[in-house]
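# Fold and geometry: a report
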Amino acid sequence: MDKKNKKKEIAEIVLKITDGLFCSLTDLALWNLFYIAELSPLRHPSDIGKAKFFADKNFEKFNYLTLKQALYKIKSKGWIKEDLCLTKKGAQRLNNFIPIYSKKRKWNKNWYLVSYDIPEIKRKYRNILRHNLKELGFGEVHASLWISPFDFSKDVEKIVDYYHLSRFVILAVSNKIGKEESRIFAEKIWKLKETNKKYKFIIKKSKNINPKNLIFEYLSIFKKDPQLPNEFLPKDWVGDKAYLIFKKYFPFENKINNFKIIDEKL
């Protein structure tokens, strides 16, 4: 198997293991080191070691050499120290993958729109813009029109300016979209009932699941949750209840950055 196909195979395995949270073995390995150091019941640096790292069940499908290369890459990027504890730079890397839970979801009755017409020759940057809009929680009305009830104008402008896309992108504000009430419109765009079902399922199984797997499953749902204003949510919404369960296993949301420009390589 050539190097390109091998890398693709590894990415697919990692995506499956982490429910889509990570797509590289390097990031999964970094997460495991963080879990051992911060989230495991031991919570002591002296308990972190290569033997414990390589013995992790998440790595059963990878050979020793592949894992060793991932560990070397993490070290070379300055994400961990010699004792395998995370550096500030390593924590910032993980922060890119974990969204912030927002308690305040007030709506000012405005909709914020992003429309673009980016030529095919700049498809790479069009994909970067779309990726970032998804990360911010925008909903896709159609292929080139995205919408949010929250004002992320400054964040979008950063991306647009960074990739020199200003002549292809239009930002707008409107106090009304279509003829439907906001709750119905939001359901069509963000499929909130489906997300709520996933939250209910994870709450139900939370007592009989490995904590690390619970974190992966919860975050895979949460990353797709736009955290809309309360008036948009289903009446039996359980997202907040699911978060409280997750918080018991991951009490580190204060380390998470609200927004980062996604690297071109993504």
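Residue numbers run consecutively from 1 along every chain, following the written order of its sequence. Selection of residues for local features in this predicted model requires a pLDDT of at least 70, selection of side-chain atom pairs for listing and counting requires 80 or more, and totals for whole chains, interfaces and linings are taken over all residues. With hydrogens and water set aside, each side-chain value is computed from the structure's full complement of heavy atoms.

## Observations regarding the overall build of the protein
- Put simply, DSSP H or I for four residues or longer makes a helix, DSSP E for two residues or longer makes a strand, and each gets a number counted from the N terminus. Along its length, the protein carries 11 helices and four strands.
- Any residue under 20% of the maximum accessible area for its type is buried, any over 50% is exposed, and the rest in between are partly exposed; the area is computed with a 1.4 Å probe on protein chains only. The 266 residues of the protein split such that 44% are buried.
- In this description, contact between two residues means that some pair of their heavy atoms is separated by no more than 4.5 Å. Excluding contacts between residues fewer than 6 apart, the proportion of contacts in the protein whose partners are at least 24 apart in sequence is 73%.
- For accessible areas, the Shrake-Rupley method is used with a probe of radius 1.4 Å. Any residue's cover is judged against the shown protein chains and nothing else. Surface summary for the protein: the accessible area is close to 15,900 Å², and the carbon and sulfur share equals 52%.

## As for the environment of Ile10
- Looking at where Ile10 falls in the secondary structure, it is placed in helix H1 (residues 3-17).
- Residues contacting Ile10, with those up to four places away along its chain left out, are Leu25, Phe62 and Thr66.

## Some remarks on the confidence of the model for the protein
- Of the residues in the protein, 88% have a pLDDT of 70 or more, and the chain-wide mean is 83.
- What pLDDT reports is the predictor's confidence in each residue, on a scale of 0 through 100. Segment residues 254-266 is flagged for pLDDT under 50; beyond a separation of four residues in sequence, or across chains, it makes 30 contacts in the model.

## Re the side chain of Ser206
- With respect to the helices and strands, the residue Ser206 is situated in the loop between helix H9 (192-205) and helix H10 (211-222).
- In this structure Ser206 touches Leu214, Ile245 and Tyr249, once residues within four positions along its chain are discounted.

## Observations concerning the sheet that holds strand S1 (residues 111-116)
- Strands are labelled as partners when DSSP assigns at least two bridges between them. Across the sheet, which stays open at both edges, the four strands sit in the order S2-S3-S1-S4 with antiparallel pairing between neighbours. For this open sheet the edge positions go to strand S2 (139-142) and strand S4 (169-174), each flanked by a neighbour on one side alone. The mean angle between the axes of side-by-side strands here comes to 25°, regardless of whether they run parallel or antiparallel.
- Judged from the four bridges that link them, S1 and strand S3 (residues 145-148) form a sheet pairing that is antiparallel. By the bridge assignment for S3, Tyr112 is matched with Ser148. An axis is simply a line fitted to the C-alpha atoms; with a helix, the fit covers only the stretch in contact. Between two such axes, the angle follows the N-to-C directions and lies from 0 to 180 degrees.

## Quick notes on the pairing of S3
- What you see with S3 is no split at all: Leu145 and Ile147 on one side and Trp146 and Ser148 on the other are buried throughout.
- Of the pairings in the sheet, the one linking S2 to S3 comprises three bridges and is antiparallel in character. Each bridged residue has a counterpart across the sheet, and for His142 the counterpart in S3 is Leu145.
- In sequence, S2 turns back onto S3 through a hairpin of two residues.

## With respect to the packing of helix H6 (residues 123-136) against helix H7 (residues 153-162)
- H7 packs onto H6 with a crossing angle of 160° between their chain directions and a minimal axis gap of 11 Å. In terms of orientation, H6 lies roughly antiparallel with respect to H7. The two elements H6 and H7 meet at a crossing, and its hand is right-handed. On H7, the residues touching Leu129, Asn132, Leu133 and Leu136 of H6 are Asp155, Val156 and Ile159. Angles below 35 degrees are treated as roughly parallel, those above 145 as roughly antiparallel, those between 65 and 115 as roughly perpendicular, and all remaining angles as oblique. The handedness criterion is simple: a crossing whose near helix is rotated anticlockwise from the far helix by less than a right angle is left-handed, and one whose near helix is rotated clockwise is right-handed.

## Side note on the pattern of salt bridges
- In the sections that follow, a salt bridge refers to a side-chain nitrogen of Lys or Arg positioned within 4 Å of a carboxyl oxygen of Asp or Glu. Scanning all chains against the criterion turns up nine salt bridges.
- Note that Arg126 and Glu120 form a salt bridge whose closest N and O atoms lie 3.0 Å from each other.
- Arg126 sits in the buried class, given a relative accessible area of 18%.
- The exposure class of Glu120 is partly exposed, given its relative accessible area of 48%.
- One salt bridge in this structure joins Lys223 and Glu135, with 3.8 Å as the shortest N-O distance. On the criterion of sequence distance, the pair formed by Lys223 in the loop between H10 and helix H11 (239-249) and Glu135 in helix H6 is long-range, its members being 88 residues apart.
- Taking relative accessible area as the criterion, Lys223 reaches 24% and is therefore assigned partly exposed.
- In the salt-bridge network here, residues are joined through shared partners; they are Glu120, Arg123 and Arg126.

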